[in-house]
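Topology and contacts: notes
Each chain, letter by letter, is given below.
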Amino acid sequence: MNIKGYIRERFFPHLWCPGCGHGIVLNSLLRAIDQLGMNKNELVMVSGIGCSSRISGYVDFHSLHTLHGRALAFATGVKLSRPELNVIVPMGDGDALAIGGNHFIHACRRNIAMTAIVMNNRIYGMTGGQFSPLSGYGIQATTAPYGNIDHDFDVVQLSMSAGASFVARTTTYHAKEMIDIFKQAILHDGFSVVEVLSQCPTYFGRRNKMGSAADMMESFKNNTTRIGSKAKEENPNLLERGVFVRKDIPEYCAEYDKIIGNAMKGHK
Amino acid sequence: MNSNIRFVQGNEACVEAALYAGLDFFAGYPITPSTEIAEHLSYRLPEIGGKFIQMEDEIASICAIVGASLTGHKVMTATSGPGFSLMQEGLGYAIMAEIPCVIVNVQRGGPSTGLPTSVSQGDVFQARWGAHGDHSIIALTASNHQDVFSITVEAFNMAETYRTPVILLFDEVIGHMRERLVVPEKGEIALVDRLRTSVKEGVDYHPYLPREDGRLPMSDFGGIHRYNVTGLAHDMWGFPTNNPNIVHGLMRHLVDKIQSHVNTITRYKEFYTQDAECLLISYGSSARSALHVVENRRARGERIGLLELQTLWPFPYAMIREKCDKARHIVVVEMNMGQVVRAVKQAVDRPDRVVLANRIDGSFITPTDIKNILRLIQGKGV
Ligand SMILES: Cc1ncc(C[n+]2csc(CCOP(=O)(O)OP(=O)(O)O)c2C)c(N)n1
Ligand code: SF4
């Protein structure tokens, strides 16, 4: 299908700033869905609140734009009540891991088959550039005018230790790799987390003197490497990209169906 | 023997009624004195192919039921004070996005963690105004298990009819007390099914364009119409907008769809009110003590009656005004520092006739508590 077949042109132009990484995530996601040949009527996108979360308005799926941080909780209700649907949950870094941090770790642990995408621009874009739990030490933000003293999470490690059965990382520079990772995440029969390093040139970039959007993407190229690459051995500071975990553990909705089977038998 | 006769807690009566009404998805988080609702449903729902999930908190619980309602299910959550506070954000979402759902609050003593195992009716105004912003809400209550059953079924019916969250405001005494319940036969109480759109595939469906009667036919997530749902102010497509005309229309619709049906939504019971010079007004478990007083005094020939409210919100101002018209004294019996009494004072002419008989210490209000107030009014001293 033409990629335009997956968007609601009526609601364009989108609200993202020129150079914002969130549009690249949308692009790669739609291509992944197209390549998987998914039926739009079986696709639900659930998002929270933030620039990133506006993504759900633009896709021609069933779309649920919810509350700041709560997307995974709403998505849990959608998926468990109708497991045949494919549920994709894009979130901002603040959305997913500050206000939504509790829902996030419990979703990882519960292992309901859906795809969580953390669009990590290390800043609160929508509210104008406050630091997020992904900003990291030393970063400048409107609420950290003297430099941030909060330490950041590592989304990949956090997801793994919370029990997510599929965990991956990629960046907006690696749009093709992102398509491939999204496809694997969507096909995974369990809770999948994909962290996408995304750029907010308007707030994060400008405050931290990172240059243009293209410069910021360039830095994703220079500061990351594939999992297990030689480059990582030579420069341990590089951030790894790729699929970190893929575990085959019982999926929640399938387990619940077994409970239903037993309960109904017991009743007869 | 009739196998429909049960001896249960109020919480279980609520569960049986919810199942009778078609509940098939529940998400919740344990909290006294509502926990039995979750416990029973964790057992009962899978027996009928329904789903129960224990979430990480009450915020997640209300969000999960909204998600499940959108796929076409009848949904409920149950909680008490602190959990009800956490649910206000999601409640506002369900109001704004017009998602049918039922929220049970088995009230306990507050504020904060308060009195977890004691009775209170302190959340009446929180049910009305807990969610931020202008809105309208339906909140219902009951004083005995048979009524808990029928009002719970009503709650599901109203949630579907008005596309709105409905709050069941029970209290600890009702939730935990055991008494007889006769489970009605199938069909004895009419059920309202979801109104679904008849718009065909390929034709534009406007999820937020009200019909002439104000109702909004729904389409299930996973069905043939793909649309957007948001808690932002939105247009007929469900797409965010801040166009003042559209926002004005939306706000009016959200409030009017409930306020213009006050008469249909109002449920109450009357005991000896016809010629009552002294009218007690009560609701929930307090109404049991109030009725006891009324029956005793009637037996002695006093002109005293009871008006028991089952619909608390939207408040039935006109009905109250009419019923109170001839009364010399109006005594509102409730277990808080004066919540429904305020609304009653607003409703009636000569509000100086209205006094409060209450109890705020976690103990159940007794007939003696009420009699003491009556003696004061009647100049007899306590
Ligand atoms: C309960 C609540 N608190 C705060 C906000 C305000 N708010 C909206 S978006 C946002 C942060 C957005 O940052 P992020 O999730 O990282 O997404 P981005 O905008 O950067 O894509 C905040 C704090 C809100 N909408 N709701
Ligand atoms: S503020 Fe930042 S995150 Fe938001 S749209 Fe602009 S560039 Fe993107």
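Take the layout of surface pockets next. Residue and element names in this part refer to chain A. Volume-wise, the largest pocket comes out at about 440 Å³. If you go around the largest pocket, you meet 21 residues; those closest to its centre are Asn 120, Arg 122, Asp 152, Leu 197 and Leu 239. No other element matches helix α9 (residues 213-223), which puts four residues into the lining of the largest pocket. Looking at the lining of the largest pocket residue by residue, the class counts come to nine nonpolar, seven polar and five charged.

So, about helix α2 (residues 35-47) of chain B. All names here are of chain B. If you check α2, its first and last C-alpha atoms are 19 Å apart, about what 13 residues at 1.5 Å a residue would give, namely 18 Å. By the largest-angle criterion, Leu 41 marks the main kink of α2, which is about 35 degrees. Of the residues making up α2, those classed as buried are Thr 35, Glu 36, Ile 37, Ala 38, Leu 41, Leu 45, Pro 46 and Glu 47. Residue Gly 49 follows α2 closely and has a positive phi angle near 80 degrees.

Here we take up the pattern of salt bridges. Residue and element names in this part refer to chain B. With the rule as written, the count across this model stands at 33 salt bridges over all chains. With a shortest N-O distance of 2.9 Å, Glu 160 and Arg 194 are connected by a salt bridge. Here the residue Glu 160 occupies a position in helix α7 (residues 145-162), and Arg 194 occupies one in the loop between β9 (178-182) and β10 (228-230), the gap between them amounting to 34 residues. Like Arg 194, Glu 160 is buried. In this structure, Asp 349 engages Arg 321 in a salt bridge whose closest nitrogen and oxygen atoms are separated by 3.2 Å. With Asp 349 in the loop between α13 (340-347) and β16 (354-358) and Arg 321 in helix α12 (residues 317-323), the pair connects residues that are 28 residues apart, well separated along the chain. When its relative accessible area of 43% is taken as the criterion, Arg 321 is described as partly exposed. By sharing partners, the salt bridges in this structure join Arg 6, Glu 12, Glu 16, Arg 44 and Glu 47 into a single network.

This part takes up unusual backbone geometry. Cis geometry is found at the peptide bond from Phe12(A) to Pro13(A), where omega equals 5 degrees. Mapped onto the elements of the fold, Pro13(A) is located in the segment before α1 (22-36). The backbone of Ser112(B) shows a phi angle near 55 degrees, a positive value even though the residue is not glycine. Take Ser112(B): it is sitting in the loop between β5 (101-109) and β6 (115-119).

This brings us to the nonpolar core. Core analysis: the largest hydrophobic core is formed by 136 residues, its most contacted members being Met76(B) and Ile320(B). Looking at which domains feed residues into this core, each of domain 1 (1-265) and domain 2 (270-380) of chain B supplies at least three. Among residues more than four places away in sequence, those in contact with Ile320(B) are Ile281(B), Leu307(B), Leu309(B), Phe315(B), Val344(B), Ala347(B) and Val348(B). If you look at the next biggest cluster of nonpolar residues, it comprises 34 residues, including Trp16(A), Leu29(A), Ile55(A) and Met119(A).

Residues and elements named next belong to chain B. Parsing chain B into structural domains produces domain 1 (1-265) and domain 2 (270-380). Just the C-alpha atoms count here: the centres of domain 1 and domain 2 sit 29 Å apart. With 31 residues of domain 1 at the contact, the number on the domain 2 side is 25 residues. Summed over both sides, the interface of domain 1 with domain 2 buries roughly 2100 Å², with 59% coming from carbon and sulfur. Taken as a group, Gln 121, Phe 125 and Thr 141 account for 29% of the area that domain 1 buries against domain 2, more than any other trio of residues on that side. Inspection of the domain 1/domain 2 interface yields one salt bridge. For the salt bridge of Glu 179 with Arg 288, the shortest nitrogen-to-oxygen distance reads 2.9 Å.

Here the focus is the site of ligand 1. Every one of the 18 residues lining ligand 1 counts as a neighbour, but Cys51(A), Ser52(A), Gly94(A), Asp95(A) and Gly125(A) are closest to it. Of the chains in the model, those with residues near ligand 1 are chains A and B. For ligand 1, an oxygen atom lies 3.0 Å from a polar atom in the backbone of Ile123(A). Within the backbone of Gly125(A), an N or O atom sits 2.8 Å from an oxygen atom of ligand 1.

All names here are of chain B. Position of Arg 303 among the secondary structure elements: in the loop between α11 (286-299) and β13 (304-309). Relative accessible area serves as the criterion here: at 43%, Arg 303 is assigned to the partly exposed category. Along the sequence, Arg 303 and Ala 276 sit 27 residues apart, while their C-alpha atoms lie 4.7 Å from each other. In this view, Arg 303 contacts Asp 275, Ala 276, Glu 277, Cys 278 and Arg 298; residues no more than four positions away in its chain are not counted.

Near ligand 2, the surroundings consist of Trp16(A), Cys17(A), Cys20(A), His22(A), Cys51(A), Asn121(A), Gly125(A), Cys200(A), Pro201(A), Thr202(A) and Tyr203(A). Counted by class, the shell around ligand 2 contains seven nonpolar, four polar and no charged residues.

Okay, the interface of chain A and chain B next. On the chain B side, the residues contacting the 42 residues of chain A number 44 residues. Approximately 3600 Å² of surface area, both sides summed, lies buried where chain A meets chain B, with 61% of it carried by carbon and sulfur atoms. A salt bridge links Arg226(B) to Asp60(A), with the shortest nitrogen-to-oxygen separation between them at 2.9 Å. Viewed at the interface, chain B and chain A are joined by 20 residue pairs in polar contact (both at pLDDT 80 or more). Of all elements in the fold, only α2 (55-58), β2 (62-65), α3 (71-81), α5 (101-110) and α11 (252-267) of chain A reach the threshold of two or more residues within the side of chain A that touches chain B. Broken down by class, the residue content of the side of chain A that touches chain B amounts to 19 nonpolar, 14 polar and nine charged. Note: β2(A) against β10(B), three bridges, orientation parallel. Each residue of the ladder has a partner; that of His65(A), found in β10(B), is Thr230(B).

What counts and how
Residues numbered from 1 in each chain as written. Chains lettered and ligands numbered in written order. Predicted model: local features only at pLDDT ≥ 70, side-chain atom pairs only at ≥ 80, totals over all residues. Heavy atoms only, no water. 1 Å grid on protein atoms, 1.4 Å probe; cavity = no way out; pocket = protein on both sides within 12 Å on 5 of 7 lines; lining within 4 Å. Points joined across faces, edges and corners; volume = space filled by probe spheres on them. Helix = DSSP H or I, 4+ residues; strand = E, 2+ residues; numbered from the N terminus. Nonpolar A, V, L, I, M, F, W, Y, C, P; charged D, E, K, R; others polar. Expected span 1.5 Å × (residues − 1). Bend = angle between axes of the 7 residues up to and from the residue. Buried < 20%, exposed > 50% of the residue type's maximum accessible area, 1.4 Å probe, protein only. Salt bridge = Lys/Arg side-chain N within 4 Å of Asp/Glu carboxyl O. Core = buried A, V, L, I, M, F, W, Y, C linked by side-chain atoms within 4.5 Å. Domains from an automatic or database assignment. Contact = heavy atoms within 4.5 Å. Buried area = accessible area lost by both parts, 1.4 Å probe. Near = heavy atom within 4 Å. Polar contact = N/O pair within 3.5 Å; in protein donor to acceptor, adjacent residues only side chain to side chain. Pairing = 2+ DSSP bridges.

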